[in-house]
Amino acid sequence: MQTYRIAEVLVPMRKEPSHKSEMINEIIFGEPIKIIEKNKDWLYVNCIEYEYFGFIPTITRLEEISPNKDEKFYFLQKQSEKITINNGEPINLVAGSRLYSNQINNDFFKPAKNQITVDDIINAGMLYLNAPYRWGGRSGFGIDCSGFVQMAYMLNNLILPRDAYQQATIGETISFVSESKIGDLAFFENENGDIIHVGLILNNNEIIHSSGRVKIDILDHEGIFNKELKAYTHKLKTIKRINIDSLRRCC
């Protein structure tokens, strides 16, 4: 199966081959995919870095990736920036878009670092502060809770799974909120005990997460206390500490 890069700003990935189907993910400019199946209107694809499958329109612009070419890529570190690629028409790319060394000369694109710190991840997450919530979203135009956490890592060239329940399968379990550290992931459950939400723990008993919008709330042993509503909105399930050095890097 040939590997391609997305050549659109954002591509909605659907659960089923229909524009009416639920959007389960967004694929960002430059992100690699493999085509599993193809028909007249839809491609069934795999987001190969984090093994996520769904349908995108056949008319999506793609760029074939040469299997023998090792290219250095750069991530856009700004929510929206008008970029001219290869002397073409300017396009507005979103944070996390990837361009390669022969395509761009722009200060908002940063090469992937070798040594990543927790502060790097938190700073990337802060880029999305006040972005609206959108189911399946992964950009400043709209982002869901697990997409937010995933992008905070991906902007630092680190791969996390796409969904919250998948993210909860990795890392070291932390027993108490009082033992948590900045950068730990907090997961939250519904009435059936299923994981339905995730956020990044900050200092001073705070958490940044996407719920309504990306915002900072209070975290304690019960869960998330919404400052505006003055009420608990999410019940704490577990806390995980991720070993950054154990994570795979982006393609």
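From a predicted model like this one, the values you see are computed outputs, not experimental measurements.

Conventions used here
Residues numbered from 1 in each chain as written. Predicted model: local features only at pLDDT ≥ 70, side-chain atom pairs only at ≥ 80, totals over all residues. Heavy atoms only, no water. Axes fitted to C-alpha atoms, helices over the stretch in contact; angles between N-to-C directions. Helix = DSSP H or I, 4+ residues; strand = E, 2+ residues; numbered from the N terminus. Parallel < 35°, antiparallel > 145°, perpendicular 65-115°, else oblique. Left-handed = near helix turned anticlockwise from the far one by under 90°. Contact = heavy atoms within 4.5 Å. Nonpolar A, V, L, I, M, F, W, Y, C, P; charged D, E, K, R; others polar. Phe/Tyr/Trp six-rings, centres within 6.5 Å; stacked < 30°, edge-to-face > 60°. Buried < 20%, exposed > 50% of the residue type's maximum accessible area, 1.4 Å probe, protein only. Lys NZ or Arg CZ within 6 Å of the ring centre and 35° of its normal. Salt bridge = Lys/Arg side-chain N within 4 Å of Asp/Glu carboxyl O. Core = buried A, V, L, I, M, F, W, Y, C linked by side-chain atoms within 4.5 Å. Polar contact = N/O pair within 3.5 Å; in protein donor to acceptor, adjacent residues only side chain to side chain.

Colleague: So what exactly am I meant to see when it comes to the packing of helix α1 (residues 118-126) against helix α2 (residues 145-154) here?
Modeller: The description of two helices packed together rests on the angle between their axes and the distance between the axes. Running from N to C, α1 and α2 cross one another at 125 degrees; their axes reach a closest spacing of 8 Å. As the angle between them shows, α1 and α2 are arranged oblique. Relative to α2, the crossing made by α1 is right-handed. Contact residues: α1 offers I121, A124 and G125, while α2 offers F148, A152 and Y153. Of the residues contributing to the contact of α1 with α2, the split by class is five nonpolar, one polar and no charged.

Colleague: Is there a simple way to think about the packing of aromatic side chains in this case?
Modeller: The geometry of an aromatic ring pair is captured by two quantities: the separation of the ring centres and the angle between the planes. Within the structure shown, the criterion is met by six aromatic pairs. Plain terms: the ring middles of Y44 and F55 are 4.8 Å apart, the flat faces sit at 45 degrees to each other, and that makes the pair tilted. Taken as a pair, Y44 in strand β5 (residues 42-47) and F55 in strand β6 (residues 52-57) lie far apart in primary sequence, 11 residues in all. Their ring planes at 90 degrees and their centres at 5.2 Å tell us that F73 and F75 sit as a pair that is edge-to-face. Residue class for F73 comes out buried when judged on its relative accessible area of 8%. In this structure, R98 is placed above the aromatic ring of F73, and the distance from its NZ or CZ to the ring centre is 5.3 Å.

Colleague: I tried to follow the pattern of salt bridges on my own but got confused; where do I start?
Modeller: Side chains carrying opposite charge are able to pair once their charged atoms draw close together. Taken as a whole and assessed by the stated rule, the structure comprises 11 salt bridges. Across the pair R61 and E8 runs a salt bridge whose closest N-O atoms are separated by 3.1 Å. Note that R61 is positioned in the loop between β6 and β7 (62-64) and E8 in the loop between β1 (3-6) and β2 (10-14), a separation of 53 residues in sequence. A salt bridge links R98 to E49; its shortest N-O distance comes to 2.7 Å. Of this pair, R98 sits in strand β11 (residues 98-100) while E49 sits in the loop between β5 and β6, and the two are 49 residues apart along the sequence. Using a relative accessible area of 1% as the deciding quantity, one classes E49 as buried. Beyond isolated ion pairs, a larger network of salt bridges with shared partners links E189, K235 and K237.

Colleague: What is the right way to look at the side chain of S210 in this model?
Modeller: Within the secondary structure layout, S210 lies in strand β18 (residues 206-211). A relative accessible area of 1% means that S210 is categorised as buried.

Colleague: Can you help me understand α1 in this one?
Modeller: Given 3.6 residues per turn, any residue in an α-helix points the same way as the ones three and four places further on. Every buried residue of α1 is listed here: D120, I121, I122, A124 and G125. Along its buried surface, α1 packs onto α2, β17 (195-201) and β18.

Colleague: When you look at the nonpolar core in this model, what are you seeing that I'm missing?
Modeller: Soluble globular proteins tend to bury their nonpolar side chains together. Membership of the largest hydrophobic core comes to 50 residues, with the highest contact counts inside it found for I27, I56, Y128, Y153, L185 and L200. The element best represented in this core is α2, accounting for seven residues. For L200, the contacting residues outside a window of four places in its chain are I121, I122, F148, V149, A152, Y153, G183, D184, L185, E206, I207 and I208.

Colleague: Looking at this model, I keep getting lost on the side chain of D144. Mind explaining?
Modeller: Looking at where D144 falls in the secondary structure, it is placed in the loop between β14 (142-143) and α2. Among the polar contacts made by the side chain of D144, one reaches the main-chain amide nitrogen of G136 at a distance of 2.9 Å. With sequence-adjacent residues up to four places away left out, D144 is seen in contact with Y133, R134, W135, G136, G137, R162 and S210.

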